[in-house]
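Fold and geometry: a report
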Amino acid sequence: MLQDSVSLDVKESLPPARKKGLAHSIIPRTKKSPLEEANQFINNIQEIVSSQEKSEKSYSSKKGIFLDIQGLIKEGTFQEDDQIFCKYDIVYDKDWEVVTGQNSGQSQHACLGDGTNGYFVWNMPFQIRLYSDDPKNWPQLVISCYYPDFLGREILKAYGTCYIPTMSGAHERNLSMFCPISSYGFTKIYEIIYGEKAELINAPKIMALGDGREILRTKTEGRIKIKFNIHLENLKENGFEVE
């Protein structure tokens, strides 16, 4: 009765040309219950798992090299700032294909605290499975760190990169992080006013290829600890020797 009365009042206050079909549009939509939202979430997860299973089945008969990468962006140390988040990109060339997983992601904001011992702790996991018939270039991990300024803008803190380990097992890497610096004094003033520091265009690709890095002016900003769990398949079958 309440919905009908509301629809009637609104229709009577409008011209006749706009009355038709309006009753259905003004009735508020019912909000989903927590149980319905939970079921929707479960259905979305099942669809993702199903698509991954289909992708894995399509590669099951192939005899190339499979590279399983599981990692953790654990922690880092930086100067000056007290809140930092990071983005990761796994960069590979056209010889590699993604079977399952994601090649990029972003962590939460980590803050310095009394119990962190001067470390920014993310514990950001990442996972991806790659396939290649003839790998010529090995995949790399590129990390980009940012911090919010007093206006909430995301400002570049540092870049870092390393090759994915080439042997199965557990590995640990400490990335040296660096930041490009401007060559001109006017540019530095612009950075302070507009909150836009010098950044690399398409940074993950440039960091992985290394072209032009020798002329780039940089300064050291800190270090990040990365943990890897690597599993390689079909190396010997493809002519690669592993000690």
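These lines cover the structure that appears in this document, whether it is placed above or below.

Definitions and limits used
- Residues numbered from 1 in each chain as written.
- Predicted model: local features only at pLDDT ≥ 70, side-chain atom pairs only at ≥ 80, totals over all residues.
- Heavy atoms only, no water.
- Helix = DSSP H or I, 4+ residues; strand = E, 2+ residues; numbered from the N terminus.
- Buried < 20%, exposed > 50% of the residue type's maximum accessible area, 1.4 Å probe, protein only.
- Contact = heavy atoms within 4.5 Å.
- Areas by Shrake-Rupley, 256 points an atom, 1.4 Å probe, with all protein chains shown as cover.
- Disulfide = S-S within 2.5 Å.
- Salt bridge = Lys/Arg side-chain N within 4 Å of Asp/Glu carboxyl O.
- Core = buried A, V, L, I, M, F, W, Y, C linked by side-chain atoms within 4.5 Å.
- Pairing = 2+ DSSP bridges.
- Phe/Tyr/Trp six-rings, centres within 6.5 Å; stacked < 30°, edge-to-face > 60°.
- Lys NZ or Arg CZ within 6 Å of the ring centre and 35° of its normal.

Attention now goes to the overall build of the protein. A count of helical and extended segments in the protein gives five helices and ten strands. Residues classed as buried in the protein amount to 32% of the 243 residues present. A fraction of 76% describes how many contacts in the protein between residues 6 or more apart in sequence connect residues 24 or more apart. Within the structure as shown, the protein displays about 15,800 Å² of accessible surface, and the carbon and sulfur contribution to it stands at 52%.

What follows covers the state of the cysteines. Per the counting criterion, the structure on display carries zero disulfides. Not engaged in a disulfide, the cysteine C86 finds its nearest cysteine sulfur in C145; these two sulfurs lie 5.1 Å apart. Note on C145: relative accessible area 0%, which makes it buried.

A separate point is the pattern of salt bridges. Side-chain pairs of opposite charge can arise whenever the charged atoms involved come near each other. Using the criterion set out here, one finds six salt bridges in the structure. Beyond isolated ion pairs, a larger network of salt bridges with shared partners links D68, R129 and E233.

Okay, the environment of G71 next. Counting through the fold element by element, G71 comes out in strand β1 (residues 65-78). Taking the C-alpha atoms as reference points, G71 and F228, 157 residues apart in sequence, are found 4.3 Å from one another.

One finds I73, W122, L141 and I143 to be the most contacted residues of the largest nonpolar core, which totals 33 residues. Breaking this core down by element, the ones donating at least two residues are β1, β2 (83-91), β6 (120-132), β7 (140-148), β8 (154-163), β9 (169-180) and β10 (218-233). By residue number, the principal contributor to this core is β6, which donates six residues. Discounting chain neighbours no more than four positions away, the residues touching W122 are I73, K74, E75, G76, F78, I84, F85, C86, S107, Q108, A110 and I224. If you look at the next biggest cluster of nonpolar residues, it comprises ten residues, including F85, L156, C179 and M207.

Inspection of the secondary structure assignment puts H171 in strand β9. Apart from residues lying up to four places away in sequence, H171 is in contact with P165, I226, K227, F228 and I230.

This next bit is on the pairing of β8. Among the ten residues of β8, seven are classified as buried, and the element is accordingly described as predominantly covered. With nine bridges connecting them, β7 and β8 associate as antiparallel partners. Bridging from a neighbouring strand, P148 pairs with E154 of β8. Once β7 ends, the chain turns through five residues before running back antiparallel as β8, passing G152 with a positive phi of about 85°.

For the rest of this paragraph, the subject is the packing of aromatic side chains. Tallying each qualifying case throughout the model produces eight aromatic pairs. Through successive ring pairs, a cluster of aromatic residues spans F78, F120 and W122. We note K87 situated over the ring of Y146; from NZ or CZ to the ring centre the distance is 4.9 Å. Geometry around Y147 places K157 over its ring, the cationic atom sitting 5.8 Å from the centre.

Taking burial as the measure, the 14 residues of β1 include ten buried ones, the bulk of the element. Across eleven bridges, the pairing between β1 and β6 is antiparallel. When the bridges of β6 are listed, F66 appears paired with Y131. Pairing of β1 with β10, which is carried by twelve bridges, proceeds in the antiparallel orientation.

Moving on to the environment of N238. Tracing the backbone through its elements, the reader meets N238 in the segment after β10. Given a relative accessible area of 28%, N238 falls into the partly exposed group. Residues N238 and D133, 105 residues apart in the sequence, show an inter-C-alpha distance of 8.5 Å. Those residues in contact with N238 that sit more than four places away from it in its chain are K63, G64, I65 and D133.

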